[in-house]
Amino acid sequence: MPSKHACNKRMTANHGKYVLSVLKFTYPTLFQGWQTLVGGFLLHVSWKLGWVEISCSSRSEVLTWLPASALFVGIIYAGSRALSRLPIPVFLTVHNAAEVITCGFQKFVQKEQTSLLKICSVLFLLIAAGCLPLFDTQFDPDGYFWALIHLICVGVYKVIHKLWKTSSLSDLDQQYINYVFSVVLLASASHPAGDLFGALNFPFLYFYRFHSSCCASGLLGFFLMLHTVKLKSITSSWQYAAWSFLAKVTTAGLSPFVFGMTANVPTVCCLLLGGLGEALLVYTERMGT
């Protein structure tokens, strides 16, 4: 199961990157709308067939979760915009800095005791993400802007998810609501954003490479979500963090061979510092600090 999770995460990221960067399908409301439509449909079918359990019975809890669903839309939309412009290792390094928000919330709002090692790991993540734009030879201001929006949405979403641990909504319940909300919102936004008619001029619109990549990306995204939920249920928090870290490392390490990447020594140092920060974060999770 864990090895499948790492493989699935790598393939999902690569297919998404291929559609966004190589084919240059830069219409995020349509691409992410398709992704969430496939995910929601397959999750609904799995529920009706009895393969998974979903129980969104309380309307009040569903409504209360909608702000988190709005953040989920921000995560996938901004992530799509950022990933279309940034190399995968750079994107993941900025993405990991979202831990700064969750750690800051725990320390300054919830007044939890935080070990010095955890503070150092979070600072490493912050320094790595903050210094990358200064040394990146492929610096793209729009890419980093959307990566920052993605980072903020991820951090706040994680905070809300931690606060909702006592809720009767399971992870699958929350994801089902996220899918439905995303499809409605992204479909509504596709016309005002200009994506709906802009996509008609996409040069690969009728090419099998585009169709097959979109289908593969949607399916892999759904299976990645299921694997993630399953992995969380059968492993401890530090084991899940370790497997997630391994998946990110392999994805970041292999992506330059697939999509290419120009990097100087300071950029590589930033990426390694980010990896060190996340590795220390996994260690602190194991030690319970």
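Residues numbered from 1 in each chain as written. Predicted model: local features only at pLDDT ≥ 70, side-chain atom pairs only at ≥ 80, totals over all residues. Heavy atoms only, no water.

Each helix and strand in the chain was counted, giving 12 helices and 0 strands. Helices and strands appear in the chain in the N-to-C order α-α-α-α-α-α-α-α-α-α-α-α. Burial analysis of the chain (289 residues in total) assigns 46% to the buried set. Taking the intrachain contacts of the chain between residues at least 6 apart in sequence as the baseline, contacts between residues at least 24 apart amount to 88%. Accessible area for the chain stands at about 14,300 Å²; split by element, carbon and sulfur atoms hold 68% of it. (Helix = DSSP H or I, 4+ residues; strand = E, 2+ residues; numbered from the N terminus. Buried < 20%, exposed > 50% of the residue type's maximum accessible area, 1.4 Å probe, protein only. Contact = heavy atoms within 4.5 Å. Areas by Shrake-Rupley, 256 points an atom, 1.4 Å probe, with all protein chains shown as cover.)

This brings us to helix α2 (residues 28-48). Here α2 is 21 residues long and its end C-alpha atoms lie 29 Å apart, about the 30 Å a rise of 1.5 Å per residue gives. Residues Pro-28, Thr-29, Phe-31, Gln-32, Gly-33, Gln-35, Thr-36, Val-38, Gly-39, Gly-40, Leu-43 and Ser-46 constitute the buried set of α2. Positive backbone phi, at 80°, marks Gly-50, one or two positions downstream of α2. (Expected span 1.5 Å × (residues − 1).)

Glancing now at helix α5 (residues 99-109). Restricting attention to buried positions, one finds in α5 the residues Thr-102, Cys-103 and Gln-106. With its buried residues spanning 95° around the axis, α5 presents them on a single face. Those residues of α5 that are exposed and angled more than 90 degrees off the buried face are Phe-108 and Val-109. Here the buried face of α5 lies against α6 (116-135) and α7 (141-163). (Arc of directions from axis to C-beta.)

This paragraph deals with the nonpolar core. In terms of nonpolar packing, the biggest core is built from 36 residues, with Trp-65, Leu-132 and Tyr-157 touching the most fellow members. Elements supplying a minimum of two residues to this core: α3 (59-83), α4 (88-96), α6, α7, α8 (171-190) and α12 (265-287). Element by element, the count of residues in this core is highest for α3, at 11 residues. When near neighbours in sequence (up to four residues on either side) are disregarded, Trp-65 contacts Tyr-157, Ile-160, His-161, Trp-164, Leu-169, Gln-174, Ile-177 and Asn-178. (Core = buried A, V, L, I, M, F, W, Y, C linked by side-chain atoms within 4.5 Å.)

Moving on, we get to the packing of α4 against α7. Put simply, α4 and α7 touch, their axes get as near as 8 Å, and they point 40° apart. Along this stretch, α4 crosses α7, giving a crossing that reads as right-handed. Where α4 abuts α7, its residues Val-90, Phe-91, Val-94 and His-95 lie against Tyr-144, Ala-147, His-150, Leu-151 and Val-154. (Axes fitted to C-alpha atoms, helices over the stretch in contact; angles between N-to-C directions. Left-handed = near helix turned anticlockwise from the far one by under 90°.)

Using the criterion set out here, one finds 4 salt bridges in the structure. With its nearest N and O atoms 3.9 Å apart, the salt bridge here joins Asp-142 to Arg-85. Of this pair, Asp-142 sits in helix α7 while Arg-85 is found in the loop between α3 and α4, placing the two residues 57 residues apart along the sequence. Using a relative accessible area of 39% as the deciding quantity, one classes Asp-142 as partly exposed. For Glu-278, the salt bridge goes to Lys-248, with nearest N and O atoms at 3.1 Å. A residue pair is termed long-range when its members are at least 10 positions apart, and Glu-278 in helix α12 and Lys-248 in helix α11 (residues 237-259) qualify at 30 residues. Note on accessibility: Glu-278 and Lys-248 belong to one class, buried. (Salt bridge = Lys/Arg side-chain N within 4 Å of Asp/Glu carboxyl O.)

Function cannot be inferred from these measures alone, as they are strictly geometric.
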